[in-house]
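Residue-level structure breakdown
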Amino acid sequence: MSTVRRATHSGSWYTNLGPELSRQLDRWLSAAELSHGPARAIIAPHAGYTYCGACGAFAYRQVSPAVVKRVFILGPSHHVRLRGCALSTAKTYKTPLYDLKIDTQINDQLEKTGNFSRMDMKTDEDEHSIEMHLPYIAKVMEDFKDQFTIVPILVGSLNPEQEALYGNILASYFTDPQNLFVISSDFCHWGHRFNYTHYDRSCGPIYASIEKLDKDGMAIIETLNPNAFTEYLRKYNNTICGRHPIGVMLNAVKALQHQGYNNMSFKFLKYAQSSQCKDVDMDSSVSYASGSLVFES
């Protein structure tokens, strides 16, 4: 059985040419400023790089690579119905830059809780929500490439109680500054092809209504209140595909607040849309947002 996960979306969702990919990521990262770091967790998008690569850089720019020794990547499951969370069976994840090593020790620790299953290699390779972060992680960490591991976690359709459960399990890992959490999410998927056409006409054009909807949700995430985020989703049903990974992060923060950690702040740094929707019948778009969670000293 293979223990190597191939970079199955390279050559389509992003370039499979290492030097070209490196230059592209360099360009985007140098255009973003370090304003809310060092990040303990980031939210960043997972679409094709032509759509969201520049936006994602604003989250990755907040990472302090000299400190980070382990990167947890929480990505939503797009293809498989999953009731909980699943760990990878791979030992290595390939990228066009260099291979990333899985932290099998942490996988074993998490599996021992009895709350994690294992995804098979096909599920792993079909899913893009984790893979799209690997080149960025490889790029940001390239000066320390032999000194860190990754922990990919596929997040299923969790109810609020499960989000709290996984938040509690992962909270202790959040307290270690050597751990970075990458929360993989796009924001509103708007249009008939996504079965979502919420439109507040008082905002003006459709794209402005989408932006207001997203930014209302982003403002709630910045309050770090998981219940308020659940309520927002219930009210508007905004098609934020990483809602459950975000919910897990918010619940981890809540668990830490109960332990006396009151120095955490989350800030969104960039927002973008794949296109500007103006026609209800014809247009569609996906939104992207990048933000960073810091523990202020």
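To start, this report covers the structure provided alongside it. Being a predicted model, the structure only gives us computed values, none of them experimental.

Between helix 6 (residues 160-174) and helix 9 (residues 243-258), the shortest axis-to-axis distance is 7 Å and the interhelical angle comes to 60°. In terms of axis orientation, helix 6 runs oblique to helix 9. Crossing of helix 6 over helix 9 shows right-handed handedness. Judged by residue contacts, Glu163, Ala164, Tyr166, Gly167, Asn168, Leu170, Ala171 and Phe174 of helix 6 engage Arg243, His244, Gly247, Val248, Met249, Asn251, Ala252, Ala255 and Leu256 from helix 9. Grouping the amino acids of the contact of helix 6 with helix 9 by side-chain chemistry returns ten nonpolar, five polar and two charged.

Strand order across the open sheet formed by three strands is 1-5-6, with mixed pairing between neighbours. In this open sheet, the two edge strands, each paired with only one partner strand, are strand 1 (4-5) and strand 6 (100-101). When strand 1 meets strand 5 (residues 92-93), the two strands line up parallel, connected through two bridges. Across the sheet, residue Val4 finds its bridge partner in strand 5, namely Thr92.

Before going further, it helps to spend a moment on the pattern of salt bridges. Applying the stated criterion across every chain yields a total of 13 salt bridges. Ionic pairing is found between Glu125 and Arg6, a salt bridge with its closest N-O pair at 2.6 Å. With Glu125 in helix 4 (residues 121-126) and Arg6 in the loop between strand 1 and helix 1 (18-31), this pair connects stretches of sequence that are 119 residues apart. Relative accessible area serves as the criterion here: at 10%, Glu125 is assigned to the buried category. Linking Asp216 and Lys212 is a salt bridge whose minimum nitrogen-to-oxygen distance equals 2.8 Å. Within this pair, Asp216 and its partner Lys212 are both found in helix 7 (residues 206-222), separated by four residues, close to a single helical turn. Lys212 sits in the partly exposed class, given a relative accessible area of 42%. Within this structure, Arg5, Asp124 and Glu131 form a network of salt bridges that share partners.

Between the first and last C-alpha of helix 7 there are 24 Å, a value that for 17 residues agrees with the 24 Å anticipated at 1.5 Å per step. Among the residues making up helix 7, those that are buried are Ile206, Ser209, Ile210, Leu213, Asp214, Gly217, Met218 and Ile221. Buried residues in helix 7 make contact with strand 2 (41-44), strand 10 (189-190), helix 8 (226-236), helix 9, strand 11 (264-273) and strand 12 (285-295).

This part covers unusual backbone geometry. Cis peptide bonds are those with omega within 30 degrees of zero, and the linkage from Gly37 to Pro38 qualifies with -5°. Considering the arrangement of structural elements, one finds Pro38 in the loop between helix 1 and strand 2. The backbone of Leu224 shows a phi angle near 60°, a positive value even though the residue is not glycine. On the secondary structure map, Leu224 appears in the loop between helix 7 and helix 8. A positive phi angle, close to 55°, is found at Asn237, a residue other than glycine. Relative to the assigned elements, Asn237 resides in the loop between helix 8 and helix 9.

Another point: the packing of aromatic side chains. One pass over the full model with this rule turns up 13 aromatic pairs. Centroid distance Phe72 to Tyr173: 5.3 Å. Interplanar angle 50°. Geometry classified as tilted. Note that Phe72 is positioned in strand 3 (residues 70-76) and Tyr173 in helix 6, a separation of 101 residues in sequence. Tyr173 sits in the buried class, given a relative accessible area of 13%. A centroid spacing of 5.0 Å and a plane angle of 65° characterise the contact between Phe266 and Phe268, whose relative ring orientation is edge-to-face. Ring pairs connect the aromatic residues Tyr14, Trp28, Tyr49, Tyr60 and Tyr136, which therefore count as one cluster. Between Arg40 and the ring centre of Phe295, over which it is positioned, the NZ or CZ distance is 3.9 Å.

Leu110, Ile153, Leu170 and Ile221 are the most contacted members of the largest nonpolar core, which totals 51 residues. In this structure Leu170 touches Phe72, Leu74, Leu110, Ile153, Phe181 and Val248, once residues within four positions along its chain are discounted. Ala39, Ala57, Val63 and Ile130 belong to the second-largest nonpolar core, a separate cluster that totals 41 residues.

This part is about the pairing of strand 12. With eleven of eleven residues buried, strand 12 is to be regarded as a mostly interior element. By the bridge criterion, three bridges tie strand 2 to strand 12 in an arrangement that is antiparallel. Bridge assignment links Ile43 to a residue of strand 12, and that residue is Gly291. Relative to strand 12, strand 10 runs antiparallel, the two being bridged by two bridges. For His189, the partnering residue across the bridge sits in strand 12 and is Val286. In this sheet, strand 12 lies alongside strand 11 in antiparallel orientation, the contact comprising nine bridges. Looking at the pairing, Met264 lines up with Phe295 of strand 12.

The rules behind these values
- Positions within a chain are numbered from 1, following the residues in the order the chain's sequence is written.
- Where totals are concerned, whole chains, interfaces and linings use all residues; where local detail is concerned, this predicted model gives features only for residues with pLDDT of at least 70, and gives and counts side-chain atom pairs only at 80 or more.
- Heavy atoms throughout the structure, all of them, feed into the side-chain values; hydrogens and water do not.
- Helix axes are fitted to C-alpha atoms over the stretch in contact, other axes to C-alpha atoms as well, and angles between N-to-C directions run from 0 to 180 degrees.
- Working definition: helices are DSSP H or I runs of at least four residues, strands are E runs of at least two. Numbering for both runs from the N terminus.
- The scheme is simple: roughly parallel for angles under 35 degrees, roughly antiparallel for over 145, roughly perpendicular for 65 to 115, oblique for anything else.
- Handedness of a crossing is defined here by the sense of rotation of the near helix relative to the far one, left-handed for an anticlockwise turn of less than a right angle and right-handed for a clockwise turn.
- Should any heavy atoms of two residues lie within 4.5 Å, those residues are considered in contact.
- Note that Gly is not counted as nonpolar here; it falls among the polar residues with everything else outside the nonpolar set of Ala, Val, Leu, Ile, Met, Phe, Trp, Tyr, Cys and Pro and the charged set of Asp, Glu, Lys and Arg.
- Pairs of strands are assigned from DSSP output, requiring at least two bridges between the strands.
- Whenever a carboxyl oxygen of Asp or Glu lies within 4 Å of a side-chain nitrogen of Lys or Arg, that contact is scored as a salt bridge.
- Summary of the burial criterion: residues with accessible area below 20% of their type's maximum are buried, those above 50% are exposed, and those between are partly exposed, where the area comes from a 1.4 Å probe applied to protein chains only.
- The length a helix should cover is 1.5 Å for every residue beyond the first.
- The aromatic pairing rule takes the rings of Phe, Tyr and Trp, using the six-membered ring of Trp, and pairs them if the centres are within 6.5 Å, calling planes under 30 degrees apart stacked, those over 60 edge-to-face and the rest tilted.
- For a lysine, the NZ atom is tested; for an arginine, the CZ atom; a charge sits over a ring if that atom is within 6 Å of the ring centre and within 35 degrees of the ring normal.
- Nonpolar cores were defined as sets of buried Ala, Val, Leu, Ile, Met, Phe, Trp, Tyr and Cys residues, with membership established by side-chain atoms within 4.5 Å.

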